[in-house]
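# Structural characterization, general
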Amino acid sequence: MIVEQVAAQSAERMAALHEKCFDHPWPASEFASLLSMTSTRAFAVQRDGCHIALVLVRIAADEAEILTVGVDPAERGKGLGLAVLERAEQAVADRGAVSLFLEVNQHNDPARALYTRAGYSEIGRRPRYYRGRDDALIFRKTLLERGQTGA
């Protein structure tokens, strides 16, 4: 499997995958807008011209934030989520980030398991964050020396 950096030209494919993964998907215009910023990067695994896994990450100073991660439901359990996460971690570490943050719905057990397996730790909670109902759990991973990742 190859994880490639993708640009705003992939916004339609990112939005199509996001729609398969989330109840409230982002439109292609949102992906294009985010990727027009120099601080934002996207990485994806592709098959037959479609994205089957993606991660969108934004860096600010020495911190970075995972904005979204998605894996095609038909492709889950194959290590794709971990692969795109690791590629994003490497990219932000190479740009000087020492911490990486993300938010996840408290009820998204598969995603929480992925993040824990990848070395993220829960550090906080935003009550009723998602559409005023579910809590968002805040996770962080401390990145090691520039270019390396770790728990």
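Counting starts from 1 at the beginning of each chain's written sequence and moves along it residue by residue. This being a predicted model, a pLDDT of at least 70 is required before a residue's local features are given, and a value of 80 or more before pairs of side-chain atoms are given or counted; all residues contribute to the totals for chains, interfaces and linings. With hydrogens and water set aside, each side-chain value is computed from the structure's full complement of heavy atoms.

## Some remarks on the overall build of the chain
Definition in use: What counts as a helix is a DSSP run of H or I of at least four residues, what counts as a strand is a run of E of at least two, and both are numbered from the N terminus. Every radius of gyration here is taken over C-alpha atoms, with the globule rule written as 2.2 Å times N^0.38, N being the number of residues. With a 1.4 Å probe rolled over the protein chains alone, any residue whose accessible area is under 20% of its type maximum counts as buried; one over 50% counts as exposed, and the rest are partly exposed. Contacts: residue pairs with any heavy atoms within 4.5 Å of one another.
A count of helices and strands for the chain gives 4 helices and 7 strands. Counted from the first residue to the last, the chain has its helices and strands arranged as β-α-α-β-β-β-α-β-α-β-β. Relative to its length of 151 residues, the chain is compact, with a C-alpha radius of gyration of 14 Å against a globular reference of 15 Å. Its C-alpha atoms give the chain principal-axis dimensions of roughly 35 × 35 × 30 Å. Taken over 151 residues, the chain has a buried fraction of 44%. In the chain, once contacts between residues fewer than 6 apart in sequence are set aside, the share between residues at least 24 apart is 56%.

## Topic: helix 4 (residues 109–117)
Short version of the rule: What the arc describes is the spread of directions from the helix axis to the C-beta atoms.
When helix 4 is considered as a whole, its buried residues turn out to be Ala111, Leu114 and Tyr115. Take helix 4 and look down its axis: the buried residues cluster within an arc of 95°, on one side only. Turned more than 90 degrees off the buried face of helix 4, the exposed positions are Pro110 and Arg117. Positive backbone phi, approximately 100°, marks Gly119, located one or two places after helix 4.

## Let's talk about the pattern of salt bridges
Going by this rule: In what follows, salt bridge is the name for a side-chain nitrogen of Lys or Arg lying within 4 Å of a carboxyl oxygen of Asp or Glu.
By the definition in use, this model includes 8 salt bridges. Between Lys141 and Glu89 there is a salt bridge; the shortest N-O distance is 3.0 Å. Linking Lys141 in strand 7 (residues 134–142) with Glu89 in helix 3 (residues 80–94), this pair joins segments that are 52 residues apart in sequence. The same class applies to Lys141 as to Glu89, namely buried. Residues joined by salt bridges that share partners form a network here, namely Arg47, Glu75 and Lys78.

## Remarks on the packing of helix 1 (residues 11–21) against helix 2 (residues 28–35)
Packed helices, taken two at a time, are described by the angle between their axes plus the distance between the axes. Which entries qualify depends on this criterion: To define axes, lines are fitted to C-alpha atoms, for helices over the stretch in contact only, and angles between the resulting N-to-C directions are given on a 0 to 180 degree scale. Roughly parallel means an angle under 35 degrees; roughly antiparallel means over 145; roughly perpendicular covers 65 to 115; every other angle is labelled oblique. Left-handed describes a crossing whose near helix is turned anticlockwise from the far helix through less than a right angle; right-handed describes the clockwise counterpart. Each residue is assigned to one of three groups, with Ala, Val, Leu, Ile, Met, Phe, Trp, Tyr, Cys and Pro labelled nonpolar, Asp, Glu, Lys and Arg labelled charged, and all others, Gly among them, labelled polar.
Two elements in contact, helix 1 and helix 2, have axes separated by 8 Å at closest approach and are oriented at 125°. By the angle between their directions, the pair helix 1 and helix 2 is classed as oblique. Here the hand of the crossing between helix 1 and helix 2 comes out right-handed. Residues Ala11, Glu12, Met14, Ala15 and His18 of helix 1 form the contact with helix 2, whose own contacting residues are Ala28, Phe31, Ala32 and Leu35. Residues that form the contact of helix 1 with helix 2 fall into these classes: 7 nonpolar, 1 polar and 1 charged.

## A look at the side chain of Thr40
For the record, the criterion: The term polar contact refers here to a pair of N or O atoms within 3.5 Å; inside protein, the definition further demands a hydrogen-donor-capable atom paired with an acceptor-capable atom, and it admits residues adjacent in sequence only when both atoms are side-chain atoms.
Note on placement: Thr40 falls in strand 2 (residues 40–47). At 3.2 Å, the side chain of Thr40 and the backbone oxygen of Leu34 are in polar contact. What Thr40 contacts, discounting residues up to four positions off in sequence, is Leu34, Leu35, Leu56, Val57, Arg58 and Leu67.

## Let's talk about unusual backbone geometry
Its identity as a non-glycine residue notwithstanding, Asp48 has a phi of 50°, on the positive side. When you line up the elements, Asp48 lands in the loop between strand 2 and strand 3 (50–60). Positive phi, normally seen in glycine, also occurs at Arg128, with a value near 50°. Relative to the assigned elements, Arg128 resides in strand 6 (residues 121–130). Judged by relative accessible area, which is 56%, Arg128 ranks as exposed.

## Points about the sheet that holds strand 4 (residues 63–71)
Defined as follows: For two strands to pair, DSSP has to find at least two bridges joining them.
Spatial ordering of the open sheet is given by 1-2-3-4-5-7-6, a layout of 7 strands whose pairing is mixed. Edge strands, defined here as strands with exactly one partner in the open sheet, are strand 1 (3–6) and strand 6. Strand after strand, the sheet turns through a mean of 25° between neighbouring axes, direction not considered. Sheet topology places strand 1 next to strand 2; 4 bridges connect them, and they run antiparallel.

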